[in-house]
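Letter by letter, the chains look like this.
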Amino acid sequence: MELPRPRILVVEDDACVSRLMLRWLAAWGWEAEEAHSAAAALECFDRYKYDAVLCDVDLPDGDGIVLAGAFVKRSPALIVVIASGSPANLDRARLAGLNEVLEKPLEVEALRTLLERKPGFFPA
């Protein structure tokens with residue numbers, strides 16, 4: 001019997017960046033979905049169970065750090081990775097207790113390494 005693939009939500013307002021991330025994640029064995037706004041991300045989160053969320057900070061309808069905090073409150077075991085091109089945003093994320101941060105533009109291997117460090121969530 002094949003184990004279910006881990007599920008990740010990519011919250012990114014730039015559709016080209018989001019789709020690139022979806023391709024990377026699918027190649028690594030993740031079942032990946034995308035949301036382009038905070039509202040869409042909340043809707044997805046209400047419908048499905050995720051093992052991880054990769055979240056941009058600057059969303060058209062909200063702050064990704066606040067959104068990520070709401071996700072963690074609802075699902076404390078959730079892996080949350082914050083991505084931003086602004087060092088100040090990454091510092092804000094850390095101050096909010098979100099320690100998994102990546103600077104944009106994302107380096108594919110940095111993302112993969114971060115996800116691989118999380119036991120039980122990365123496919124063999």
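Whatever comes next refers back to the structure up there.
Structure report, in brief.

What follows deals with the layout of surface pockets. Of the volumes computed, that of the largest pocket is approximately 160 Å³. If you trace the largest pocket, you find 11 residues lining it, with Val72, Leu78, Ile79, Val80 and Glu100 closest to the centre. Residue composition of the lining of the largest pocket, by class: seven nonpolar, two polar and two charged.

Along helix α4 (residues 87–95), the residues that are buried comprise Asn89, Leu90 and Ala93. Burial along α4 is one-sided: seen end-on, the buried residues are contained in an arc of 100°. More than 90 degrees from the buried face of α4, the exposed residues found are Ala88 and Leu95. The secondary structure elements touched by the buried residues of α4 are β4 (58–59), α3 (64–74), β6 (79–84) and β7 (101–103). Gly97 occupies a position one or two residues after α4 and carries a positive phi of about 90°.

With that out of the way, let us pick up the sheet that holds strand β1 (residues 7–11). Working definition: the strands of a sheet are paired by backbone hydrogen bonds and lie parallel or antiparallel to each other. Judged by pairing direction, the sheet is parallel, and its five strands sit side by side in the order β2-β1-β3-β6-β7 without closing on themselves. Either end of the sheet is taken by a strand with one partner, and the two such strands are β2 (31–35) and β7. Neighbour to neighbour, the strand axes of the sheet diverge by 20° on average, direction disregarded. Where β6 lies against β7, three bridges are found, and the strand directions are parallel. Bridging across to β7, Ala83 finds its partner in Leu102. In this fold helix α1 (residues 15–27) packs onto β1, β2 and β3 (52–56), with an angle of close to 170° to the strand it touches most, β2. Against the sheet, α4 contacts β6 and β7, and its axis sits at roughly 180° relative to β7.

Here the focus is the packing of aromatic side chains. Counted under the stated rule, the structure contains three aromatic pairs. Ring centres 6.1 Å apart and planes at 15° place the aromatic pair Phe45 and Tyr50 in the stacked group. One exposure class covers both Phe45 and Tyr50, and it is buried. Three or more aromatic residues joined by ring pairs form one cluster here, namely Phe45, Tyr48, Tyr50 and Phe71.

Definitions and limits used
- Residues numbered from 1 in each chain as written.
- Predicted model: local features only at pLDDT ≥ 70, side-chain atom pairs only at ≥ 80, totals over all residues.
- Heavy atoms only, no water.
- 1 Å grid on protein atoms, 1.4 Å probe; cavity = no way out; pocket = protein on both sides within 12 Å on 5 of 7 lines; lining within 4 Å.
- Points joined across faces, edges and corners; volume = space filled by probe spheres on them.
- Nonpolar A, V, L, I, M, F, W, Y, C, P; charged D, E, K, R; others polar.
- Buried < 20%, exposed > 50% of the residue type's maximum accessible area, 1.4 Å probe, protein only.
- Helix = DSSP H or I, 4+ residues; strand = E, 2+ residues; numbered from the N terminus.
- Arc of directions from axis to C-beta.
- Contact = heavy atoms within 4.5 Å.
- Pairing = 2+ DSSP bridges.
- Axes fitted to C-alpha atoms, helices over the stretch in contact; angles between N-to-C directions.
- Phe/Tyr/Trp six-rings, centres within 6.5 Å; stacked < 30°, edge-to-face > 60°.

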